[in-house]
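Remarks on the overall topology
Below are the chains, spelled out letter by letter.
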Amino acid sequence: MDKKRTQNIIAESRRTLPVAITYGTGIWLLAGALQHGWWLQFICFFASVYTIIHLNNINLLIRIYSRSVSVFFILLGCAATWLFPSIQTGMTSLFSALSLLLLFSCYQDKTSTGRTFYMFLLLSSMSLYDPYLLLFIPMYLILMAITIYSLTFRTFFAALIGLITPYWLFTGWQLYFYRHQPEKSIEYLAQLTHMQWIADYTAVSTAQWCYLGLLTVLFVVGAIHFWLTSYMDKIRVRQIYSSLIILTIYAIVWVAILPQKCDTFICMLTITVSPIAAHFFTLTRTRLSNIFYLVTMTAIVALTAMNLWIL
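Cut-off values and rules
Counting restarts for each chain: residues are numbered from 1 in the order of the written sequence. In keeping with the predicted nature of the model, local features appear solely for residues at pLDDT of at least 70, side-chain atom pairs appear and are counted solely at 80 or more, and the whole-chain, interface and lining totals rest on all residues. In computing side-chain properties, one takes all heavy atoms of the structure into account and sets aside hydrogens as well as water. Think of it this way: any DSSP run of H or I at least four residues long counts as a helix, any run of E at least two long counts as a strand, and we number them from the N terminus. The size measure is the radius of gyration over C-alpha atoms, and the globule rule it meets is 2.2 Å times the number of residues to the 0.38 power. Salt bridge criterion: a side-chain nitrogen from Lys or Arg within 4 Å of a carboxyl oxygen from Asp or Glu. Between buried and exposed lies partly exposed: a residue is buried under 20% and exposed over 50% of the maximum accessible area for its type, with that area taken using a 1.4 Å probe on protein chains only. Patches draw on residues past 30% relative accessible area with no salt bridge. Two like charges within 9 Å are joined, as are two nonpolar side chains (Val, Leu, Ile, Met, Phe, Trp, Tyr) within 5 Å. Exposure was quantified through the Shrake-Rupley algorithm and a 1.4 Å probe, taking into account, for residues, occlusion by the shown protein chains and nothing else. In plain words, nonpolar cores are sets of buried Ala, Val, Leu, Ile, Met, Phe, Trp, Tyr and Cys residues tied together by side-chain atoms within 4.5 Å. We call two residues in contact whenever any of their non-hydrogen atoms come within 4.5 Å of each other. For a helix, the expected span equals 1.5 Å multiplied by the residue count minus one. Only the stretch in contact is used when a helix axis is fitted, and all axes are lines through C-alpha atoms; the angle between N-to-C directions ranges over 0 to 180 degrees. Roughly parallel means an angle under 35 degrees; roughly antiparallel, over 145; roughly perpendicular, 65 to 115; everything else is oblique. By convention, the crossing between two helices is left-handed when the near helix turns anticlockwise from the far helix through less than a right angle, and right-handed when the turn is clockwise. Here the nonpolar group is Ala, Val, Leu, Ile, Met, Phe, Trp, Tyr, Cys and Pro; Asp, Glu, Lys and Arg are the charged ones; every other residue, Gly included, is treated as polar. Pairing of aromatic rings covers Phe, Tyr and Trp, the last counted by its six-membered ring, and requires centre-to-centre distances within 6.5 Å; plane angles under 30 degrees mean stacked, over 60 mean edge-to-face, and any other angle means tilted. Criterion for a charge above a ring: Lys NZ or Arg CZ within 6 Å of the ring centre, and within 35 degrees of the ring normal.

Moving on to the overall build of the protein. Secondary structure assignment for the protein yields 14 helices and 0 strands. Put simply, the protein runs from its N terminus to its C terminus through helices and strands in the order α-α-α-α-α-α-α-α-α-α-α-α-α-α. Since a compact globule built from 311 residues should have a radius of gyration of about 19 Å, the 20 Å found for the protein is in line with a globular shape. Counting only C-alpha atoms, the protein reaches 70 × 45 × 35 Å along its principal axes.

Evaluated as defined, the whole model comprises 4 salt bridges. Ionic pairing is found between E12 and K4, a salt bridge with its closest N-O pair at 2.8 Å. Among the residues examined, E12 registers a relative accessible area of 18% and is labelled buried. Linking R285 and E12 is a salt bridge whose minimum nitrogen-to-oxygen distance equals 3.3 Å. Highlighted residues: R285 in the loop between α13 (262–283) and α14 (287–310) and E12 in helix α1 (residues 6–12), separated in sequence by 273 residues. The exposure class assigned to R285 is partly exposed, which follows from its relative accessible area of 23%.

This part is about a nonpolar patch on the surface. A cluster of nonpolar side chains, contributed by L151, F153, F156, F157, L160, I164, W168 and L169, occupies part of the molecular surface with about 870 Å² of accessible area. Mapped onto the elements, L169 comes out in helix α9 (residues 153–177).

Moving on, we come to the nonpolar core. Core analysis: the largest hydrophobic core is formed by 93 residues, its most contacted members being L100, L103, F136 and Y140. Those residues in contact with L100 that lie beyond four places of it in its chain are L55, Y140, L244, L247, M268, I271 and T272.

Spanning 15 residues, helix α7 (residues 113–127) covers 21 Å between terminal C-alpha atoms, matching the ideal 21 Å at 1.5 Å per step. For α7, the full list of buried residues reads T116, M119, F120, L122, L123, S124, M126 and S127. In this structure, the buried residues of α7 make contact with α6 (87–105), α8 (136–146), α9 and α10 (190–193).

Its identity as a non-glycine residue notwithstanding, L60 has a phi of 50°, on the positive side. Relative to the helices and strands, L60 is located in the loop between α4 (39–59) and α5 (68–79). Phi at Y149 is positive, roughly 60°, even though this residue is not glycine. Note that Y149 resides in the loop between α8 and α9.

Our focus in this paragraph is the packing of α6 against α7. Two numbers describe how α6 lies on α7: the axes approach to 9 Å, and their chain directions differ by 160°. Put simply, α6 runs roughly antiparallel to α7. Crossing handedness for the pair α6 and α7: left-handed. Touching Q88, M91, T92, F95, L98, S99, L102, L103 and S105 of α6 are R115, Y118, M119, L122, L123, S125 and M126, all from α7. Taken together, the residues that form the contact of α6 with α7 break down as 10 nonpolar, 5 polar and 1 charged.

On to the packing of aromatic side chains. Tallied over the entire structure, the rule returns 24 aromatic pairs. Plain terms: the ring middles of F72 and F281 are 5.5 Å apart, the flat faces sit at 5° to each other, and that makes the pair stacked. Here F281 lies in helix α13 and F72 lies in helix α5, a separation of 209 residues in the sequence. Taken individually, F72 and F281 each receive the classification buried, so the pair is uniform in this respect. Relative to Y211, the ring of W82 has its centre 5.6 Å away and its plane inclined at 85°; by these criteria the two rings are edge-to-face. Here the residue W82 occupies a position in the loop between α5 and α6, and Y211 occupies one in helix α11 (residues 206–229), the gap between them amounting to 129 residues. Exposure remark for Y211: the relative accessible area of 0% places this residue in the buried category. These aromatic residues form a ring-pair network of at least three members: W28, F42, F45, F46, F73 and F84. Residue placement shows R14 over the ring face of Y65; its charged tip is 4.2 Å from the ring centre.

Shown next, in the form of structure tokens:
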């Protein structure tokens, strides 16, 4: 049997998740959650953590006992402290995690019209505030077809209805609110035509570049390891990780195209990279991977400290 190293001891310990939750709570307090009243943002973050825990539990993303998926989500999420004040990014993270939970629950289920409806309802609801989230709609449909195997005419129309429903309901509310000026009821749709498609790299801060660099390194290393060892995982798990890898590449491409909107894609990237990094660190036992683990932990703590300092 291979020797257990620091990364394996931590990954397989039952104390790791409680310690990570305590760490995450401490980071939020240090960032000023109490002083600034970021209660909703704090609730959204830990609701996302619970969703990731549930996602890991029902899909058995790692073939041995480990809470590393949730732990890495907490560590990476707490490193992006500039996102803490935003209710929008908190809700985006939560709705993205829930949508992935629903997506993976539809694996090989061609009758999953209800879950498909709610999945696209979540994505569409957040697009009312950030229309760039609509960019994930085509990729979700592609994943349903090529990795999740749940796309049929029925699930496609369920997705379409889920996509339309928030806009239909919001327009109805706007018509009631502006019943004496009905032309104003659709003014919110103007944001769809005012979306910017010109890259502005000057809008990305140093903290964002560092965070994106960390996510990219973890993704590349984790994805290569998964491709080399995926034969050891069950087919369902392989398809889920393939979906996560495709989503990550897709989000990175959009960060390159629209760097000024990187916070929108960072929410999804944090969720998709966490299982990939956790899979690598939990299932490798080499001296080199252990060194890389220690370097990664140091980088995460250093990045978190830097972002707390400049927050």
